[in-house]
Amino acid sequence: MRKTIILVAVAMMTAISAKAQKVEVVDANGNGIPLVSVTTEDGVFIGKTDLNGVLADVKGAQKVGLSHVAYKPQLVTVASLAEGRVTMEDADFGLDEIVVTPKPYIIVEYYFRGFRYIGDSLRAYGAGIMPVAYEISKKYKPKTRYMSSNGTFANKATIWHSAEIGNKTTAIAKHVVRPMTEKWMMRDTVQQVYGLTVTKDGDNRWRVDNPKGKVGQVVHDGGRTYTTLDAGRMQRYQDEKQGNKKLMKKRQEKDYAYEYADIYRLPGEDDGDIPDLARLVMTMHHWELNSGKGRQRDIYYAYVVTHYYADEAEFKARCKELNKGRASNMTLEELQAYEREYNIPALEASQLRAIQALKKHF
């Protein structure tokens, strides 16, 4: 009889431990935060929150690290959360307003971070400083050829194992020209390409749909616009609409996914002719696909450290200044000093541990 009771108790405990434990991540107003990376306390990747801020299962992890470009990182004990809900605090990373002067370029200096996971294991990490000159007379075409001694990404900084991290981050910086606001998404040309509709979804909130369902949201909060879009679903709809069967098949085979979040400063009354790109505060991109080595996940953060008007000589001089003492790999300690100087949110402790472990292999 006693043996039977013990077996039943063990079975019940096993069933309880196997029960999916969700995490719902919200901001100070109770709104779900999409694209929060969730890891174990050792930096093993578990998953990311969906467009409603929910990760359905933390896979038995007792403590999880939460990371997002716009919020302070956290380590939380899952069992202590009421109904799995946790509130993240705004990172309070801001920018001074741009000073308008008649010069040919807007210079935007980015601080970037890149992570590559294969399966749940961190395999590559990169971080560094990247100045980009946007040429005003050429519709803000980005100019980067003077930015670095090595020609691919600025100030080599800390890059372990994958130069592609630097290249992809450069491409991300170049694409940022206008805020993906609800007004931009309601343009006829955008709706024709992606079939988007934007509808009011509460105070200072908008829901973004295409004919297949919800693909994003826009939130105005604290003087900023937070835009999150499921670009993979948008691209698949575009391929289907245009009959691009080859690309559709390739994305389907690789189970391709791509989502991103952009955070912009809302325009002020005195902004005048300041271009949209000068209002970018930070951006985050998530790619996933099946590679030959397993499920590959690339996560990129970019913070705008400063922006200003300049001519070409000033841009070259600034790049030379940035490269001084940083032409070879920076240490994590040097990077952390730069982060503190510019009030960039520090990495969550579990991520730091995973990066330190990765460093030992190179």
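Enquirer: What is the right way to look at the pattern of salt bridges in this model?
Expert: It is possible for side chains bearing opposite charge to pair when their charged atoms get close. Taken as a whole, this structure holds 15 salt bridges when the rule is applied. Taking the shortest distance from any N to any O, the salt bridge between E259 and K48 comes out at 3.3 Å. With E259 in strand β16 (residues 257–265) and K48 in strand β3 (residues 45–48), this residue pair connects regions lying 211 residues apart in the sequence. Accessibility classification places E259 together with K48 in one group, the buried group. Where R295 meets D255, a salt bridge forms, and the shortest distance between an N and an O atom there is 3.8 Å. In this pair, R295 is assigned in strand β18 (residues 294–310) and D255 in the loop between α6 (245–253) and β16, connecting sequence segments 40 residues apart. Salt bridges sharing common partners tie together K48, D255, E259, E288, R295 and R297.

Enquirer: So what exactly am I meant to see when it comes to the packing of aromatic side chains here?
Expert: Any two aromatic rings considered together are summarised by their centre-to-centre distance and by the angle between their planes. Per the counting criterion, the structure on display carries nine aromatic pairs. Ring centres of F45 and Y117 lie 5.0 Å apart, and the angle between their planes is 45°; on these two criteria the pair is classed as tilted. Here the residue F45 occupies a position in strand β3, and Y117 occupies one in strand β8 (residues 105–118), the gap between them amounting to 72 residues. Classification of F45 by relative accessible area gives buried; the value is 5%. What links up through ring pairs into an aromatic cluster is the set Y258, Y260, W287 and Y300.

Enquirer: Where do I start with the sheet that holds strand β2 (residues 37–40) in this structure?
Expert: If you trace the four strands from one edge of the open sheet to the other, you get β3-β2-β5-β6, paired in antiparallel fashion. Two strands bound the open sheet, and with one partner strand each, they are β3 and β6 (71–77). Direction aside, the axes of adjacent strands within the sheet are offset by 20° on average. Judged from the four bridges that link them, β2 and strand β5 (residues 63–68) form a sheet pairing that is antiparallel.

Enquirer: Honestly, unusual backbone geometry in this entry has me stumped. Any pointers?
Expert: Negative phi characterises most residues that are not glycine, and trans characterises most peptide bonds. Non-glycine residue E83 carries a positive phi angle of around 55°. With respect to the helices and strands, E83 occurs in the loop between β6 and β7 (85–87). In the Ramachandran plot, N343 falls in the positive-phi region, its phi being about 60° despite a non-glycine side chain. Structurally, N343 can be placed in the loop between α8 (332–341) and α9 (349–359).

Enquirer: Teacher, can you tell me more about empty space enclosed by the protein here?
Expert: To find leftover empty space, a probe the size of one water molecule is rolled over the atoms. Counted according to the given criterion, the structure contains three cavities of 30 Å³ or more. Estimated volume of the largest cavity: approximately 140 Å³. Along the wall of the largest cavity there are 17 residues; nearest its centre are P34, Y71, Q217, V219 and Y226. At the level of elements, β14 (213–221), β15 (224–229) and β16 are the ones that each hand at least two residues to the lining of the largest cavity. Partitioning the lining of the largest cavity into residue classes produces seven nonpolar, six polar and four charged. Considering only enclosed or pocket space, the second largest cavity measures out at about 60 Å³ in volume. Around the second largest cavity, the lining residues are S67, H68, Y71, P73, R113, Y301, Y303, P345, A346, L347, E348 and Q351.

Enquirer: What is the right way to read the environment of G32 from this model?
Expert: Position of G32 among the secondary structure elements: in the loop between β1 (23–26) and β2. G32 gets classed as buried once you look at its relative accessible area, which sits at 17%. On a C-alpha basis, the gap between G32 and G53 in space is 4.1 Å, while along the polypeptide they are 21 residues apart.

Enquirer: Before we go on, may I ask you to explain the nonpolar core in this structure?
Expert: Side chains of a nonpolar character, in soluble globular proteins, are inclined to be buried together. If you look at the biggest cluster of nonpolar residues, it comprises 49 residues, and the most contacted ones within it are V64, L66 and Y111. Residues within four places of V64 in sequence aside, it is in contact with V38, T39, I46, V58, Q74, L75, V76 and V78. V198, W206, Y256 and Y300 belong to the second-largest nonpolar core, a separate cluster that totals 21 residues.

Enquirer: Can you help me understand the sheet that holds β1 in this one?
Expert: Within a beta sheet, neighbouring strands are joined by backbone hydrogen bonds and run either parallel or antiparallel to one another. Reading across from one edge, β4-β1-β7 is the order of the three strands in this open sheet, with mixed pairing throughout. Bordering the open sheet on either side are β4 (54–55) and β7, each of which pairs with just one other strand. Across two bridges, β1 lies against β4 in antiparallel orientation. Within β4, the position partnered with E24 by the bridge is V54.

Enquirer: In this structure, what is going on with the side chain of K48? I would like to understand it.
Expert: According to the relative accessible area criterion, K48 is buried, its value standing at 17%. Only 2.8 Å separates the side chain of K48 from the side chain of E288, close enough to count as a polar contact. Residues within four places of K48 in sequence aside, it is in contact with L35, V36, V54, L55, E259, H286 and E288.

About the cut-offs
Residues numbered from 1 in each chain as written. Predicted model: local features only at pLDDT ≥ 70, side-chain atom pairs only at ≥ 80, totals over all residues. Heavy atoms only, no water. Salt bridge = Lys/Arg side-chain N within 4 Å of Asp/Glu carboxyl O. Helix = DSSP H or I, 4+ residues; strand = E, 2+ residues; numbered from the N terminus. Buried < 20%, exposed > 50% of the residue type's maximum accessible area, 1.4 Å probe, protein only. Phe/Tyr/Trp six-rings, centres within 6.5 Å; stacked < 30°, edge-to-face > 60°. Pairing = 2+ DSSP bridges. Axes fitted to C-alpha atoms, helices over the stretch in contact; angles between N-to-C directions. 1 Å grid on protein atoms, 1.4 Å probe; cavity = no way out; pocket = protein on both sides within 12 Å on 5 of 7 lines; lining within 4 Å. Points joined across faces, edges and corners; volume = space filled by probe spheres on them. Nonpolar A, V, L, I, M, F, W, Y, C, P; charged D, E, K, R; others polar. Core = buried A, V, L, I, M, F, W, Y, C linked by side-chain atoms within 4.5 Å. Contact = heavy atoms within 4.5 Å. Polar contact = N/O pair within 3.5 Å; in protein donor to acceptor, adjacent residues only side chain to side chain.

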